[in-house]
Amino acid sequence: MKMFTSCKNLTIFNTSFFTVKSIGGKTLLFQFSFNRKIYTSNIKSAKLWVHKHRRHTSPKQTRKLVVRDSNGPTFQKTQSQRSFQPTDKGWMDLKLTAMVNKWVEEDRMKSNGGRAVTYKHIIEIVCKDCNTSRMESTKNIINYSADKHRPMLIIDLKNPNSRRRKRHSPECAAGMTRCCLKRLYVDFKIFNWQHWILMPSGFYANYCTGSCKGHVLPKFHHSSIVQLVISDTSHQNITQCCAPSQLSDLSLLYYDDTGVIILKHLSKLKVEDCMCS
């Protein structure tokens, strides 16, 4: 089984089931280890995703799932928690950005600029307010045996060293008529997609608009020549379009009809720059 899957900025780290602590059957321990990419990037967000079984026999009383850091001096310190109903089923996320950032910083200090070392980190998942019965033990609430539903840590990276191309077109402003880039945010909730798309919640698709009249942002040498031709009054019927000249990609995290989480890379989805052609 692959321990991690990476797609642009999103990285999924699969857990290895470590052991079960016999604290009334309420606690599970899971182990993670990071790849080198994590240590050379900035972490935008980190979430633990767990898949919950549905329990029809449990009373309708709110329970609480708690994640604790089981490393070093912060052992058993609560890092994140989420309330749920026993009848809930499916994937639940718990935010662990602060804890993962702490792990990465500690690992960097341990390595002290030396050769790459793999450090293991352990988290503790506890069902608070659960009954001590077998049906409500954490082992019977959280799905950890099947690979496709095993808890996973999903980290969104933002690399400060990545260089972006110089933009040619300005962003559209009030009263601007020339070719420009117009910001357009697509919220997946509009299409009711938030139920199957885990990350992101939306993205800036953007679009190009405006006039290409005159010598404005020619994309090719051909575009420059055509603009000169258009300036001749006998060729006013020729027009150019303000169109995308640079697009960027989007990493999409979603789950299918069987509840399997899928990480997919969609190319050329976001307009970053516009030119006339």
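Up top is the structure these notes are about.
Below or above, wherever it landed, is the structure these notes cover. (Residues numbered from 1 in each chain as written. Predicted model: local features only at pLDDT ≥ 70, side-chain atom pairs only at ≥ 80, totals over all residues. Heavy atoms only, no water.)

What to know about the layout of surface pockets
Just so we agree on the cut-off: Cavity and pocket criteria rest on a 1 Å grid covering protein atoms alone: a 1.4 Å probe that fits but cannot get out defines a cavity, protein on both sides within 12 Å along at least 5 of 7 lines defines an open pocket, and an atom within 4 Å of a point defines a lining residue. Grid points are joined across faces, edges and corners, and a volume is the space filled by probe spheres set on the points. Only DSSP runs of H or I reaching four residues or more are called helices, and only runs of E reaching two or more are called strands; each is numbered from the N terminus. Each residue is assigned to one of three groups, with Ala, Val, Leu, Ile, Met, Phe, Trp, Tyr, Cys and Pro labelled nonpolar, Asp, Glu, Lys and Arg labelled charged, and all others, Gly among them, labelled polar.
By volume, the second largest pocket is sized at about 300 Å³. Within the residue set of the lining of the second largest pocket, elements represented by two or more residues are strand 5 (42–52), strand 8 (90–95) and strand 13 (197–199). For the lining of the second largest pocket, the element with the highest residue contribution is strand 13, accounting for three residues. Here the residues of the lining of the second largest pocket are counted per class, giving nine nonpolar, three polar and five charged.

Regarding the state of the cysteines
What counts here: Disulfides are defined in this document as cysteine sulfur pairs within 2.5 Å. Exposure is judged per residue with a 1.4 Å probe applied to protein chains only, and the accessible area is read against the type maximum: over 50% gives exposed, under 20% gives buried, and values in between give partly exposed.
For the coordinates displayed, the defined rule picks out four disulfides. For cysteine 179, the disulfide goes to cysteine 242, at an S-S distance of 2.0 Å. Classification of the bridge connecting cysteine 179 and cysteine 242 rests on its S-S torsion, roughly 70 degrees, and on that basis the disulfide is right-handed. One end of the pair, cysteine 179, is in the loop between strand 10 (152–158) and strand 11 (180–182); the other, cysteine 242, is in strand 16 (residues 242–255), with 63 residues separating them in the sequence. The two residues cysteine 179 and cysteine 242 agree in class, both being buried. The disulfide bridge from cysteine 208 ends at cysteine 274, spanning 2.0 Å between sulfur atoms. The disulfide joining cysteine 208 to cysteine 274 has a torsion of about -85 degrees about its S-S bond and is therefore left-handed. Residue cysteine 208 is found in strand 15 (residues 207–209), and its partner cysteine 274 is found in strand 17 (residues 261–276); the two are separated by 66 residues along the sequence.

Brief notes about the nonpolar core
How we decide: Among buried residues, the Ala, Val, Leu, Ile, Met, Phe, Trp, Tyr and Cys ones that are joined through side-chain atoms within 4.5 Å form a nonpolar core. Should any heavy atoms of two residues lie within 4.5 Å, those residues are considered in contact.
Phe34, Leu48, Leu65, Val100, Ile123 and Ile155 are the most contacted members of the largest nonpolar core, which totals 31 residues. Sorting the residues of this core by element identifies strand 4 (27–33), helix 1 (36–39), strand 5, strand 6 (63–69), strand 8, helix 2 (97–111), strand 9 (120–128) and strand 10 as the ones contributing at least two each. Residues within four places of leucine 65 in sequence aside, it is in contact with Val50, Ser80, Gln81, Arg82, Phe84, Met92, Leu94, Ile125, Val126, Cys127 and Ile142.

Notes on the environment of isoleucine 154
On the secondary structure map, isoleucine 154 appears in strand 10. Remark: the alpha-carbon pair of isoleucine 154 and threonine 11, spanning 143 residues in sequence, is separated by 5.7 Å.

Some remarks on the side chain of serine 169
Which entries qualify depends on this criterion: N or O atoms closer than or at 3.5 Å make up a polar contact, with two conditions inside protein: a donor-capable atom paired with an acceptor-capable one, and, for residues adjacent in sequence, both atoms drawn from side chains.
Of note, serine 169 is situated in the loop between strand 10 and strand 11. The class of serine 169 is buried, set by a relative accessible area of 2%. Separated by 2.7 Å, the side chains of serine 169 and aspartate 273 make a polar contact. Not counting residues up to four positions away in its chain, the partners in contact with serine 169 are Cys179, Cys180, Leu181, Leu217, Asp273 and Cys274.

Considering helix 2
Threshold: Helices are assigned an expected span. That span is 1.5 Å times one less than the residue count. Arc definition: directions from the helix axis to the C-beta atoms.
With 15 residues, helix 2 extends 21 Å between its outermost C-alpha atoms, agreeing within 8% with the 21 Å of an ideal straight helix rising 1.5 Å per residue. For helix 2, the full list of buried residues reads Met99, Val100, Trp103, Val104 and Asp107. Projected down its long axis, helix 2 carries its buried residues within an arc of 135 degrees, all on one side. Exposed and oriented more than 90 degrees from the buried face of helix 2 are Ala98 and Met109.

Thoughts on the packing of aromatic side chains
Quick reminder of the rule: Only rings of Phe, Tyr and Trp enter the pairing, Trp through its six-membered ring, and a pair is recorded when the two centres are within 6.5 Å. The plane angle decides the type: under 30 degrees is stacked, over 60 is edge-to-face, the rest tilted. Remark: a charge is flagged as sitting over a ring if the NZ atom of Lys or the CZ atom of Arg is within 6 Å of the ring centre and within 35 degrees of the ring normal.
Under the defined criterion, the tally for this structure stands at seven aromatic pairs. Taking 5.0 Å as the distance between ring centres and 65 degrees as the angle between the ring planes, the aromatic pair formed by tyrosine 185 and tyrosine 204 counts as edge-to-face. Of this pair, tyrosine 185 sits in strand 12 (residues 185–187) while tyrosine 204 sits in strand 14 (residues 202–204); the two residues are 19 residues apart in sequence, bridging distant segments of the chain. With relative accessibility at 37%, the residue tyrosine 185 sits in the partly exposed group. Judged by centre distance (4.8 Å) and plane angle (35 degrees), the ring pair of phenylalanine 191 and tryptophan 193 falls under tilted. We classify phenylalanine 191 as partly exposed; its relative accessible area is 42%. With relative accessibility at 35%, the residue tryptophan 193 sits in the partly exposed group. One aromatic cluster is present, formed by Phe188, Phe191, Trp193, Trp196, Phe203 and Tyr254 through successive ring pairs. The ring of tyrosine 204 has arginine 183 sitting right over it, with the charged end atom 5.9 Å from the ring centre.

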